[in-house]
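Each chain, written out:
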Amino acid sequence: MADLQGLADAVIKGNQGEAVRLTQEALDEGLGPKKVLEDGLIAGMNVIGVRFKANEVYIPEVLISARAMKMAMEILEPQLAAAGVDPVGKALIGTVQGDLHDIGKNLVVMMLKGAGFHVEDIGVDVAPDIFVEKIKDSQVSIVGLSALLTTTMPAMEKTVQAIREAKLGCKIMIGGAPVTQNYADTIGADGYAADAASAVDVAKDFLN
Ligand code: B1M
């Protein structure tokens, strides 16, 4: 019988082989891909998110779990598309102009994917006009900006301004080590997250 709790546990433990095997087994037994995603993979990543926020697990564990989820998603994604299952939300994320740091951004991307979001990662050193162009192309409702340098924080402000001027109507979340809620308020961003797990909470709030 399909073991979705076992699948969630495989993601929590970062056991790629088991995550792939149990995903395939559940599909073979006729379980809907949405159920496998929600009650297996996302349930597992949710636990990792909670433990990460509570400092019970650290970045390496999150990366290992995210990799297990990614492997299982390779089997699940075509089935989700075939079944017409929409992602919970669509987000686009990049590191702002002048900044090459991407480890934190990548974690945010993984956690959002783990929570069922479709995420377009547009990389590092992204100029404001490129953000605007990519948002127009992908029609996302959530945009994430990451910065790790105090010297690139002004690029966040310019990017927020460019997105507002283009009237794209999306919610903007910012984050990165030097960034604060106060800075988000100052530059007119809609939200701030201190870490990758909190970024999921902020993105979910945006949907409501
Ligand atoms: Co750089 N670097 N670095 N660096 N680097 C820092 C950031 C620094 C604090 C080191 C230091 O001096 N102590 C310092 C910044 C000082 C400052 O501005 N206040 C610094 C500097 C100065 C520089 C250079 C200028 C050094 C030089 O060349 N003289 C240079 C700049 C290059 C550039 O960007 N133009 C530089 C280069 C590099 C490397 C390329 C060598 C490398 C980056 C590799 C990469 O990312 N692929 C690097 C690294 C690794 C670091 C440190 C050591 C680690 C950063 C990191 O990945 N942390 C960092 C010192 C440190 O933090 N101890 C440092 C782990 C990561 C998981 O955390 O990114 O904070 P973080 O992400 C968190 C949260 O912030 C949040 O969630 C994540 C997970 O919980 N978060 C978001 C992040 N983005 C978010 C977005 C959101 C929401 C939450 O919504 C969209």
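Residues numbered from 1 in each chain as written. Predicted model: local features only at pLDDT ≥ 70, side-chain atom pairs only at ≥ 80, totals over all residues. Heavy atoms only, no water.

J.: Describe the sheet that holds strand 5 (residues 191-192), with residues and values.
T.: Taken in spatial order, the 5 strands line up as 2-1-3-4-5 in an open sheet, and their pairing is parallel. Single-partner strands in this sheet number two, and they are strand 2 (118-121) and strand 5. Examined bridge by bridge, strand 3 (residues 142-146) and strand 4 (residues 171-175) share 5 bridges and lie parallel to one another. Among the inter-strand pairings, S146 is bridged to a residue of strand 4, identified as G175. Across the sheet, helix 5 (residues 103-114) touches strand 1 (90-95), strand 2 and strand 3, and the angle it forms with strand 1 is around 170°. Of the strands in this sheet, strand 1, strand 2 and strand 3 are in contact with helix 6 (residues 128-138), which crosses strand 1 at around 160°. (Pairing = 2+ DSSP bridges. Helix = DSSP H or I, 4+ residues; strand = E, 2+ residues; numbered from the N terminus. Contact = heavy atoms within 4.5 Å. Axes fitted to C-alpha atoms, helices over the stretch in contact; angles between N-to-C directions.)

J.: Kindly report on the site of the ligand, identifying the contributing residues and their values.
T.: Around the ligand sit 26 residues in total, of which L100, H101, D102, S146 and T150 are the nearest. Contact distances for the ligand include 2.7 Å between a nitrogen atom and a side-chain N or O atom of H101. At 3.5 Å from an oxygen atom of the ligand is found a main-chain nitrogen or oxygen belonging to I103. Listing elements by their share of the shell around the ligand, those giving two or more residues are helix 5, strand 3 and strand 4. In terms of residue count, the dominant contributor to the shell around the ligand is helix 5 (4 residues). Classifying every residue of the shell around the ligand by side-chain character gives 15 nonpolar, 8 polar and 3 charged. (Near = heavy atom within 4 Å. Polar contact = N/O pair within 3.5 Å; in protein donor to acceptor, adjacent residues only side chain to side chain. Nonpolar A, V, L, I, M, F, W, Y, C, P; charged D, E, K, R; others polar.)

J.: So what's going on with the packing of helix 6 against helix 7 (residues 153-165)? Residues and values would help.
T.: In the contact formed by helix 6 and helix 7, the axes pass within 8 Å of each other and the chain directions differ by 40°. Comparing the axis directions of helix 6 and helix 7 gives the class oblique. The interaxial crossing formed by helix 6 with helix 7 has right-handed handedness. Within the contact between the two elements, helix 6 uses P128, F131, V132 and I135 and helix 7 uses K158, T159, A162 and I163. Each residue belonging to the contact of helix 6 with helix 7 can be placed in one class, and the counts come to 6 nonpolar, 1 polar and 1 charged. (Parallel < 35°, antiparallel > 145°, perpendicular 65-115°, else oblique. Left-handed = near helix turned anticlockwise from the far one by under 90°.)

J.: Mind laying out the coordination of the cobalt atom of the ligand, listing which residues take part and the relevant values?
T.: In this structure the cobalt atom of the ligand is ligated by exactly one protein donor, H101 (NE2), at 2.2 Å. Take H101: it is sitting in the loop between strand 1 and helix 5. (Donors = N, O, S within 2.8 Å, 3.2 Å for Na, K, Ca; no water.)

J.: So what about the side chain of S146? Which residues, and what values?
T.: Within the element layout of this structure, S146 appears in strand 3. In this structure S146 comes out as buried when scored by relative accessible area, which is 7%. Excluding residues within four positions of it along the chain, S146 makes contact with G94, T95, V96, K105, M156 and G175. (Buried < 20%, exposed > 50% of the residue type's maximum accessible area, 1.4 Å probe, protein only.)

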